[in-house]
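Each chain, written out:
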Amino acid sequence: MALEHAILVSLGERVGSGYELTRRFDKSIGFFWRATHQQIYRVLKRMDDAGWVTAEHVPQDGKPDKKVYTVSDTGRAELARWLAEPGEPSEMRDDLAVKIRGAAHGDLDALLKEVARHRDRHAERLAVYRGIEARDFPDADALRGPALHQYLVLRGGISAEHGFVSWCTEVLQALERGAR
């Protein structure tokens, strides 16, 4: 997926400036697709040049005008084309998995600390996702349209983080058992 498509999805949900998009990426879509504010602004310019978005200049008191971006008809057509395009399933690519595989060649105590650190970070992210779920989606059965789609992606994140925490716990227990 190109960053352009993530931006089209975000702008399709709600118009916004580059700054507002950056904040959305930091708080929601960025959990699944990361982008720096420089990347977002650079891609917005490219999308504007391609006609995928339109920018309205909005005057601000004491500040330069801000550009508020909207998905154009051409952008909606591109998003629809991309949504219909078959994609490849994601592949797991994880440094930690390779470190575990190579455990026999290194310091087991250091590896145990690394696995525990990863488990703890994923547990923190899981707690954030569950907090978002409780705050933003208290009645999941009533969800429809974009809110349902956002919720389903969040549930995917919850499942993935839960799985990673469980896997790290399993690895720690097995490595500690094997070290005895």
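Values in this document were obtained by computation on a predicted structure and should not be read as measured data. (Residues numbered from 1 in each chain as written. Predicted model: local features only at pLDDT ≥ 70, side-chain atom pairs only at ≥ 80, totals over all residues. Heavy atoms only, no water.)

Caption draft 1: Broad picture of the pattern of salt bridges. A complete count under the given rule lists 12 salt bridges for this structure. Residue Arg 46 is joined to Glu 4 by a salt bridge in which the shortest nitrogen-to-oxygen separation is 2.8 Å. One end of the pair, Arg 46, is in helix H3 (residues 37-50); the other, Glu 4, is in helix H1 (residues 3-13), and 42 residues separate them in sequence. Residue classification places Arg 46 among the partly exposed positions, given a relative accessible area of 42%. Overall, the relative accessible area of 14% leaves Glu 4 in the buried class. Ionic pairing is found between Arg 119 and Asp 120, a salt bridge with its closest N-O pair at 3.1 Å. Judged by relative accessible area, which is 38%, Asp 120 ranks as partly exposed. (Salt bridge = Lys/Arg side-chain N within 4 Å of Asp/Glu carboxyl O. Helix = DSSP H or I, 4+ residues; strand = E, 2+ residues; numbered from the N terminus. Buried < 20%, exposed > 50% of the residue type's maximum accessible area, 1.4 Å probe, protein only.)

Caption draft 2: Summary view of the packing of aromatic side chains. Taken as a whole and assessed by the stated rule, the structure comprises 2 aromatic pairs. Ring centres of Phe 164 and Trp 167 lie 5.3 Å apart, and the angle between their planes is 70°; this geometry places the pair in the edge-to-face category. With Phe 164 and Trp 167 both in helix H7 (residues 145-179) and 3 residues apart, this pair spans about one turn of that helix. (Phe/Tyr/Trp six-rings, centres within 6.5 Å; stacked < 30°, edge-to-face > 60°.)

Caption draft 3: Structural view of the UniProt feature "domain: Transcription regulator PadR N-terminal" (unreviewed entry) in the chain. Listed under "domain: Transcription regulator PadR N-terminal" (unreviewed entry) in the UniProt record, and renumbered for this structure, are residues 7-80. The distance separating the terminal C-alpha atoms of residues 7-80 is 13 Å; by composition the span is 53% helix and 23% strand. (UniProt positions renumbered as here; feature names shortened; annotations may be inferred.)

Caption draft 4: Structural context of the nonpolar core. Within the largest apolar cluster, 17 residues are counted, with the highest numbers of intra-cluster contacts made by Ile 7 and Leu 11. For this core, the secondary structure elements donating two or more residues are H1, helix H2 (18-27), H3 and strand E2 (63-71). Counting residues in each nonpolar core, the second largest holds 12 residues, with Ile 100, Ala 103, Leu 111 and Ala 116 among its members. (Core = buried A, V, L, I, M, F, W, Y, C linked by side-chain atoms within 4.5 Å.)

Caption draft 5: Examining the packing of H2 against H3 more closely. In contact at an axis separation of 10 Å, H2 and H3 are set at 130° when each is read in the N-to-C sense. Classified by the interaxial angle, the pair formed by H2 and H3 is oblique. Handedness of the H2/H3 crossing: right-handed. Across the interface between the two elements, Gly 18, Tyr 19, Leu 21, Thr 22 and Phe 25 from H2 touch His 37, Ile 40, Tyr 41 and Leu 44 from H3. Along the lines of polarity and charge, the residues of the contact of H2 with H3 split into 6 nonpolar, 3 polar and no charged. (Axes fitted to C-alpha atoms, helices over the stretch in contact; angles between N-to-C directions. Parallel < 35°, antiparallel > 145°, perpendicular 65-115°, else oblique. Left-handed = near helix turned anticlockwise from the far one by under 90°. Contact = heavy atoms within 4.5 Å. Nonpolar A, V, L, I, M, F, W, Y, C, P; charged D, E, K, R; others polar.)

Caption draft 6: Structural detail: helix H6 (residues 108-136). Here H6 spans 42 Å end to end across 29 residues, near enough to the 42 Å set by a 1.5 Å rise per residue. All of the buried residues along H6 are Leu 111, Leu 112, Glu 114, Val 115, Ala 116, His 118, His 122, Leu 126, Tyr 129, Ile 132 and Glu 133. Measuring from the backbone nitrogen of Asp 109 back to the side-chain oxygen at the start of H6 gives 3.0 Å, which picks out Asp 107 as the cap. (Expected span 1.5 Å × (residues − 1). Polar contact = N/O pair within 3.5 Å; in protein donor to acceptor, adjacent residues only side chain to side chain.)

Caption draft 7: Quick peek at H3. Between its first and last C-alpha, H3 extends 20 Å over 14 residues, near the 20 Å set by a 1.5 Å rise per residue. Looking at the buried residues of H3, the elements they touch are H1, H2, strand E1 (53-60) and E2.

Caption draft 8: The environment of Ala 142, seen in detail. Turning to its location among the elements, Ala 142 is positioned in the loop between H6 and H7. Looking at Ala 142, the relative accessible area reads 48%, which means it is partly exposed.

Caption draft 9: Up close: the side chain of Glu 161. Relative to the elements of secondary structure, Glu 161 occurs in helix H7. Given a relative accessible area of 7%, Glu 161 falls into the buried group. For Glu 161, the side chain forms a polar contact with the side chain of His 122, separated by 2.4 Å. Of the polar contacts made by the side chain of Glu 161, one reaches the side chain of Arg 125; its length is 3.2 Å. Leave out the neighbours within four places in its chain, and Glu 161 touches His 122, Arg 125, Leu 126 and Tyr 129.

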